Amino acid sequence: MEKIIDLRDLLVHEILDLYSAEEQIIEALPNMIEKASNMELKEALSTHLEVTRRQKDRLDKIKKVMMGEKGTENDESFFATLFGDNASQKCKGTEGLIKEADKMLEENMSPATRDAAIIGAAQKVEHYEIAGYGTAKAYAIELNLEFVADELEKTLAEEYDADDLLTKLAVGKVNIASEHASA
């Protein structure tokens, strides 16, 4: 992407950033799943891995619509030049959060405490995604890109659901187990 001149360019930037974030999360989640000891946490993370793959697919669909491919809304074809085969960027925010999580998971801790750390790390990523998807959706609404806004809203709702589930696991079970691990 060349310059970010207007809100349309900013939306493209956000979509590319979110796409990179989803790719990085798909790569990182299996390690978190492997290191988790709580079965409910493993299941939640495994389910979210599948959801994340669908979210990445949804972003692919958004990019195609914005490029004006056949069978989709064509009024956004101005994006065609912005999404090239090599139009990629690395989401530095997600990269940093994943590096931080990996470093934390290398620490010597009890399995219950590791589970609490995994939830904390996963929620940081969820909150980052919520901010990104909410921002992109607001841009799409402002630009009257209804299909794009609707698709982004689907993912935003999934991110809120994942965050809520992680909170319930942490507060109701995992954090308590970690607290008692030191006793």
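Because the structure is predicted, anything quoted here is derived from the model rather than measured.

## Some words on the environment of Leu 105
Within the element layout of this structure, Leu 105 appears in helix 3 (residues 92-105). Classification of Leu 105 by relative accessible area gives buried; the value is 5%. Along the primary structure Leu 105 and Asn 31 are separated by 74 residues, whereas in three dimensions their C-alpha atoms are 9.5 Å apart. Once residues lying within four places of it in the same chain are set aside, the contact partners of Leu 105 are Asn 31, Met 32, Lys 35, Arg 114 and Ile 118.

## What to know about the confidence of the model for the protein
Predicted coordinates in regions of low pLDDT should not be interpreted in detail. In this model, the protein carries a mean pLDDT of 89, and residues with pLDDT of at least 70 account for 86%. Note that residues 69-81 has pLDDT below 50 and, in this model, 22 contacts with residues that lie over four places away or in other chains.

## As for the environment of Gly 93
Here Gly 93 is to be found in helix 3. Along the backbone, Gly 93 and Val 125 are 32 residues apart, and their C-alpha atoms lie at a distance of 8.8 Å.

## Looking at the nonpolar core
Nonpolar side chains in soluble globular proteins generally cluster together in the buried interior. In terms of nonpolar packing, the biggest core is built from 23 residues, with Leu 29, Met 32, Leu 41, Leu 45, Ile 118 and Ile 119 touching the most fellow members. Elements that contribute at least two residues to this core include exactly helix 1 (7-35), helix 2 (39-66), helix 3, helix 4 (111-142) and helix 5 (146-181). With 6 residues, helix 4 is the largest single contributor of residues to this core. The residues touching Leu 29, leaving out its near neighbours within four places in the chain, are Leu 45, His 48, Leu 49 and Thr 52. Counting 20 residues, the second-largest nonpolar core is a separate cluster that includes Leu 59, Ile 130, Tyr 133 and Leu 143.

## Remarks on the pattern of salt bridges
Taken as a whole and judged by the stated rule, the model has 10 salt bridges. Notably, a salt bridge pairs Glu 40 with Lys 173, separated by 2.8 Å at the nearest N-O pair. With Glu 40 in helix 2 and Lys 173 in helix 5, this residue pair connects regions lying 133 residues apart in the sequence. Its relative accessible area of 39% is what places Lys 173 among the partly exposed residues. Two residues, Arg 58 and Glu 151, come together in a salt bridge whose shortest N-O distance is 3.7 Å. Pair noted here: Arg 58 is in helix 2 and Glu 151 is in helix 5, with a separation of 93 residues, a long-range link.

## Observations concerning the packing of helix 1 against helix 2
Axis separation between helix 1 and helix 2 bottoms out at 9 Å; the angle between their running directions is 155°. On the basis of the axis angle, helix 1 is roughly antiparallel to helix 2. Where helix 1 crosses over helix 2, the handedness of that crossing is left-handed. Of the residues contributing to the contact of helix 1 with helix 2, the split by class is 17 nonpolar, 4 polar and 8 charged.

## Brief notes about the packing of helix 1 against helix 4
Pairs of packed helices are described in terms of their axes, by the angle between the two and the distance that separates them. Relative to each other, helix 1 and helix 4 sit at 160°, their axes nearing to 10 Å. By the criterion of interaxial angle, the relationship of helix 1 to helix 4 is roughly antiparallel. Crossing hand, helix 1 versus helix 4: left-handed. Its residues assigned to classes, the contact of helix 1 with helix 4 shows 15 nonpolar, 2 polar and 8 charged.

## Description of the side chain of Glu 159
With respect to the element layout, Glu 159 can be found in helix 5. Buried Glu 159, no salt bridge; nearest opposite-charge side chain is Arg 58, N-O distance 7.5 Å. Apart from residues no more than four positions distant in its own chain, Glu 159 is found in contact with Glu 22, His 48, Gln 55, Glu 126, Glu 129, Ile 130 and Tyr 133.

Quick notes on the rules
Residues numbered from 1 in each chain as written. Predicted model: local features only at pLDDT ≥ 70, side-chain atom pairs only at ≥ 80, totals over all residues. Heavy atoms only, no water. Helix = DSSP H or I, 4+ residues; strand = E, 2+ residues; numbered from the N terminus. Buried < 20%, exposed > 50% of the residue type's maximum accessible area, 1.4 Å probe, protein only. Contact = heavy atoms within 4.5 Å. pLDDT = per-residue confidence, 0-100. Core = buried A, V, L, I, M, F, W, Y, C linked by side-chain atoms within 4.5 Å. Salt bridge = Lys/Arg side-chain N within 4 Å of Asp/Glu carboxyl O. Axes fitted to C-alpha atoms, helices over the stretch in contact; angles between N-to-C directions. Parallel < 35°, antiparallel > 145°, perpendicular 65-115°, else oblique. Left-handed = near helix turned anticlockwise from the far one by under 90°. Nonpolar A, V, L, I, M, F, W, Y, C, P; charged D, E, K, R; others polar. Lys, Arg positive; Asp, Glu negative; His and termini not counted.

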